[in-house]
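Commentary on secondary and tertiary structure
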Protein chains: 2
Amino acid sequence: MSTHSEIHETSSAVQDYAKAIYALEQRADAPVSTNALAGRMDVTAASATSMVKKLDGLGLVTHVPYRGVRLTEPGRRLALEVLRHHRLLELYLAETLDVPWDRVHEEAEVLEHVLSEELEALIAAKLGNPTHDPHGDPIPSPDGHVEELATSSLQELQPGARGVFVRVSDSDSEMLRYLAERGITPGAALEVIDRQPFDGPLFARFGDQVHVLGGDLARAMRVEVTG
Amino acid sequence: MSTHSEIHETSSAVQDYAKAIYALEQRADAPVSTNALAGRMDVTAASATSMVKKLDGLGLVTHVPYRGVRLTEPGRRLALEVLRHHRLLELYLAETLDVPWDRVHEEAEVLEHVLSEELEALIAAKLGNPTHDPHGDPIPSPDGHVEELATSSLQELQPGARGVFVRVSDSDSEMLRYLAERGITPGAALEVIDRQPFDGPLFARFGDQVHVLGGDLARAMRVEVTG
DNA sequence: AAACAGGTTTAGATATGGCAAAATCCAGTT
DNA sequence: AACTGGATTTTGCCATATCTAAACCTGTTT
């Protein structure tokens, strides 16, 4: 009945699956399909199935065959702990080691699994126990609370919509670099000007610059809608 | 023919074995026995044998059955790269995150395997490209050079011998903590006062304090002999 | 109701690293 | 030269996490 965390009794793979299921559940409040999970983890559906069965055995998810998977409360806590590691590390690497923003995600991706609780606490303290990263993304608290604000894909917004560009799905570093080169970084306010049909390009204004964004890119960009 | 490093194509296990063989070869310039390696890695001799065969296949060691194992030049380079990661991380954690000295070893032990070359470079730069850690232990250069000074076990010194306590074998944190509580830290000058026979206690002077050290402890303490 | 197309799960295989038990080698006695 | 004890290797097994290929559901269309 303690808030004791199980993160150290789980493999990196289990942690990654929990994190992926959390992210996918987030997007649409519904069970996560094996295919979606496999796609996100970049493994075959067969691999996803067997890992899902393992997570189920560990009590981290409930799996209804052919119907998808949902995190249990312990599973959600695990995912949030890993996410806390990840976001603290991103912030820490960027702030104190000047790791470029389009690289911190990849570094954090591997470090998050080996970060001890002691180091986590020291890093959090060093950063002043932040609750949000510089993009506005919330950092889960040590006891597993977050206030995740709902985001939309830029692609699905109508002309006239305004919002704040929050992040790129999976922090794809190619996309982040491409956007950064054009002066677009997370945190930027934007307004959708126009959208061509048939998955055509989307015109959006950032500051006083209008940019044309292709389908895949606009789909990956997550926006907090403000009006 | 480049100085390109193979560290990222090897598993953590392979890296750990290379590091262990390097350390054991260091102590006595002789082939490393399977048993010694198994003891150091805390695995069975059977496991050590099969890993040795794998390292041999990778060209990292030369293994003569029943005769022990030695690092090849690529194997030595790999070991030194991991050691560089390890010592840079120890220094970094202690300096910038105030991780207590008796804990940095364990943290570095896992981080060393996932540290990217980019982060390594950034950390080294942040620390001013150090060549030695605060104890005087040399940090291998990026291109695989070290000047390792020969150390002796405190246990094997004769009364009257003087030296500098450099480190505890395997950085055993229990021992480091025990010694720190008594004011003995790496870097301390010492003189052996007396040694009782039959693996009896050893009397050594650190500053103006004489301490009595038991067999296992004295055996684990490595000393750079100065006179 | 039968068929079809996807998505999902099972079955069987692979690579890593580990262990225990059995077989084998080596060196130092008798 | 045979014996013997400790070190070493071989053999067969386990767990993790992945894959391919085959079998199996499910919902929709015919």
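Predicted model, so just to flag it, every value in this text is computed and none were measured.

Below, the discussion takes up the domain arrangement of chain A. Residue and element names in this part refer to chain A. The domain architecture assigned to chain A consists of domain 1 (1-148) and domain 2 (152-225). The C-alpha-based centres of domain 1 and domain 2 are spaced at 25 Å. Taken together, the eleven residues of domain 1 in the interface contact ten residues of domain 2. When the two sides are added together, the surface that domain 1 and domain 2 hide from each other amounts to roughly 890 Å², 40% of it contributed by carbon and sulfur.

Turning our eyes to something else, we now look at the nonpolar core. Side chains of a nonpolar character, in soluble globular proteins, are inclined to be buried together. Among the nonpolar cores identified, the biggest contains 34 residues, and Leu93(A) and Leu93(B) are the most heavily contacted of them. Contributing elements (two or more residues each) for this core: α4 (73-97), α5 (101-111) and α6 (117-126) of chain A together with α4 (73-97), α5 (101-111) and α6 (117-126) of chain B. If near-sequence neighbours (up to four positions away) are discounted, Leu93(B) is found in contact with Leu119(A), Asp98(B), Val99(B), Val104(B), Glu107(B), Ala108(B) and Leu111(B).

Residue and element names in this part refer to chain B. Strands sit in the order β3-β8-β4-β5-β6-β7 across an open sheet of six strands; the sheet is antiparallel. Each end of this open sheet is capped by a strand with a single partner; those strands are β3 (152-153) and β7 (209-213). Pairing analysis gives five bridges linking strand β6 (residues 202-206) to β7, with the strands arranged antiparallel. Within the sheet, the bridge partner assigned to Phe 206 lies in β7 and is Gln 209.

Before going further, it helps to examine the pattern of salt bridges. Counting across every chain of the model gives 26 salt bridges over all chains. Across the salt bridge formed by Arg70(A) and Asp29(A), the nearest N and O atoms sit 2.7 Å from each other. Of this pair, Arg70(A) sits in strand β2 (residues 68-71) while Asp29(A) sits in the loop between α1 (12-27) and α2 (34-41); the two residues are 41 residues apart in sequence, bridging distant segments of the chain. Residue class for Arg70(A) comes out partly exposed when judged on its relative accessible area of 28%. Between Glu107(A) and Arg103(A) there is a salt bridge; the shortest N-O distance is 3.2 Å. Here Arg103(A) and Glu107(A) lie together in helix α5, a separation of four residues that amounts to about one turn. Taken individually, Glu107(A) and Arg103(A) each receive the classification buried, so the pair is uniform in this respect. Among the charged side chains, a salt-bridge network with shared partners connects Arg103(A), Glu106(A), Glu107(A) and Glu118(B).

Thresholds, definitions, all that
Residues numbered from 1 in each chain as written. Chains lettered and ligands numbered in written order. Predicted model: local features only at pLDDT ≥ 70, side-chain atom pairs only at ≥ 80, totals over all residues. Heavy atoms only, no water. Domains from an automatic or database assignment. Contact = heavy atoms within 4.5 Å. Buried area = accessible area lost by both parts, 1.4 Å probe. Core = buried A, V, L, I, M, F, W, Y, C linked by side-chain atoms within 4.5 Å. Buried < 20%, exposed > 50% of the residue type's maximum accessible area, 1.4 Å probe, protein only. Helix = DSSP H or I, 4+ residues; strand = E, 2+ residues; numbered from the N terminus. Pairing = 2+ DSSP bridges. Salt bridge = Lys/Arg side-chain N within 4 Å of Asp/Glu carboxyl O.

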